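Chain residues, written in single-letter form:
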Amino acid sequence: ATIEDNHITGFDGIGIQVWLVPGTDPLIRGNTIEGGDTGIHVLNDARPMIVDNDLTANGTAIGLTRSSPMIEANRIHANDRGIGMGQGSPMLRDNVISENAIGIDLARGATPTLSGNTFCLNGYDINLRAGAEPPATDGNYGCPAPENEP
């Protein structure tokens, strides 16, 4: 299944929610989700691919509960929480996570792998709640330097 090219704005609750249903790990691609409580919520061992979405001005852009999706090449901007997770091993690759109060909020049992992400102007890039372990990281970046600086 594919959830693609939707524009979801100004809503209460959840924009897109994915539960584990055998054989349904959808591709969530090219969506614009803004102004809701939670943009995308994935739970109960679901493993969708969340690719090339714009998530702006939500309470939580992407919420993960006991799930391990691939989250790649998304723009996560100006949310209260960019990505909130508890229990699961998601892969976060090549995302731009900027101007959120918290970029990534980790609870106990969350073991993400972060690779090639850009973190810029978040209140906290990564927040570890009580009992959370630091994530595995490889090649993540801070804000790019302005063009007029060396």
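Structure first, text after, so check above.
Right, let's walk through the structure included here. (Residues numbered from 1 in each chain as written. Predicted model: local features only at pLDDT ≥ 70, side-chain atom pairs only at ≥ 80, totals over all residues. Heavy atoms only, no water.)

1. What about the side chain of His41?
- Secondary-structure assignment places His41 in strand S6 (residues 38-43).
- Here the side chain of His41 touches Thr65 through a polar contact of 3.2 Å, side chain to side chain.
- Setting aside chain neighbours within four positions, we find His41 in contact with Ile14, Ile16, Gln17, Val18, Gly63, Leu64 and Thr65. (Helix = DSSP H or I, 4+ residues; strand = E, 2+ residues; numbered from the N terminus. Polar contact = N/O pair within 3.5 Å; in protein donor to acceptor, adjacent residues only side chain to side chain. Contact = heavy atoms within 4.5 Å.)

2. Some thoughts on unusual backbone geometry
- Unlike most non-glycine residues, Asp94 shows phi in positive territory, near 60 degrees.
- Among the secondary structure elements, Asp94 is positioned in the loop between strand S13 (91-93) and strand S14 (96-98).
- Even without glycine at this site, Glu99 takes up a positive phi of about 55 degrees.
- Its place among the elements puts Glu99 in the loop between S14 and strand S15 (102-106).

3. Some remarks on the sheet that holds strand S11 (residues 75-77)
- Read from one edge to the other, the open sheet built from six strands follows the order S2-S5-S8-S11-S14-S17, with strand pairing classed as parallel. Looking at strand neighbours, the two that pair on one side only are strand S2 (7-9) and strand S17 (118-120), the edges of this open sheet. Sheet twist, expressed as the average angle between the axes of neighbouring strands with direction ignored, equals 5 degrees.
- Here three bridges tie S2 to strand S5 (residues 32-34), and the two strands are oriented parallel to one another. For His7, the partnering residue across the bridge sits in S5 and is Thr32. (Pairing = 2+ DSSP bridges. Axes fitted to C-alpha atoms, helices over the stretch in contact; angles between N-to-C directions.)

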